[in-house]
Amino acid sequence: VQLVESGGGLVQPGGSLRLSCAASGFTFSSYAMSWYRQAPGKGREWVARITGAGGGTNYADSVKGRFTISRDNAKNTVYLQMNSLKPDDTAVYYCNAHRDWTDYWGQGTQVTVSS
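Residues numbered from 1 in each chain as written. Predicted model: local features only at pLDDT ≥ 70, side-chain atom pairs only at ≥ 80, totals over all residues. Heavy atoms only, no water.

(A) The overall build of the chain, seen in detail. Secondary structure summary: the chain contains zero helices and 11 strands in total. The order of α-helices and β-strands along the chain, N terminus first, is β-β-β-β-β-β-β-β-β-β-β. Here the C-alpha coordinates of the chain stretch approximately 40 × 25 × 20 Å along the principal axes. Across the 115 residues in the chain, those meeting the buried criterion constitute 43%. Contacts spanning at least 24 positions in sequence make up 52% of the contacts within the chain whose residues lie at least 6 apart. Of the roughly 5900 Å² that the chain leaves accessible, carbon and sulfur atoms contribute 45%. (Helix = DSSP H or I, 4+ residues; strand = E, 2+ residues; numbered from the N terminus. Buried < 20%, exposed > 50% of the residue type's maximum accessible area, 1.4 Å probe, protein only. Contact = heavy atoms within 4.5 Å. Areas by Shrake-Rupley, 256 points an atom, 1.4 Å probe, with all protein chains shown as cover.)

Below, the structure written as structure tokens:
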């Protein structure tokens, strides 16, 4: 099983980034996918979730209206489009796959929002 995040980097406040998470080794469409983040000195925070079929999404209040989660089950990939980025969005972003009692995690990708 592998989850590989990409797309992180340094962006100015107000800018945009799109994160990707490529999955392999499990039945991707059967798993709900989420993005979490962890800022320096803080705990891991849930950001967004999408159902296996992609029909349902949920967002943390801190990102609602700015971030969009989506998935392409044909490509085994989940995305996080991040707009209107703020310095408080600076964190390592992790991809998560969840089904029943099973969780898989990626290694994370760094997002830094700074002028």
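After that view, the rundown keeps rolling.
(B) The sheet that holds strand β3 (residues 17-24), seen in detail. Taking strand neighbours across the sheet as the criterion, the four strands line up as β1-β3-β8-β7 in an open arrangement whose pairing is antiparallel. Unpaired on one side and paired on the other, β1 (2-6) and β7 (67-72) mark the two borders of the sheet. The mean angle between the axes of side-by-side strands here comes to 15°, regardless of whether they run parallel or antiparallel. (Pairing = 2+ DSSP bridges. Axes fitted to C-alpha atoms, helices over the stretch in contact; angles between N-to-C directions.)

(C) Molecular detail of the environment of Ala48. Tracing the chain through its elements places Ala48 in strand β5 (residues 44-50). Between the C-alpha atom of Ala48 and that of Val63, which follows or precedes it by 15 residues, the distance is 8.3 Å. Aside from chain neighbours lying at most four places away, what touches Ala48 is Met33, Ser34, Trp35, Asn58, Tyr59, Ile69 and Leu80.

(D) Molecular detail of the environment of Ser16. Take Ser16: it is sitting in the loop between β2 (9-11) and β3. Between the alpha carbons of Ser16 and Ala91 there is a distance of 15 Å; along the sequence they are 75 residues apart. When near neighbours in sequence (up to four residues on either side) are disregarded, Ser16 contacts Val11, Gln81, Met82, Asn83, Ser84 and Leu85. Side chain to side chain, Ser16 and Asn83 meet in a polar contact 2.9 Å long. (Polar contact = N/O pair within 3.5 Å; in protein donor to acceptor, adjacent residues only side chain to side chain.)

(E) Fine view of the side chain of Arg37. By secondary structure assignment, the location of Arg37 is in strand β4 (residues 32-38). For Arg37, a relative accessible area of 6% corresponds to the buried category. Residues within four places of Arg37 in sequence aside, it is in contact with Gly43, Arg44, Glu45, Val47, Ser62, Val63, Phe67, Asp88, Asp89, Ala91, Val92 and Tyr93.

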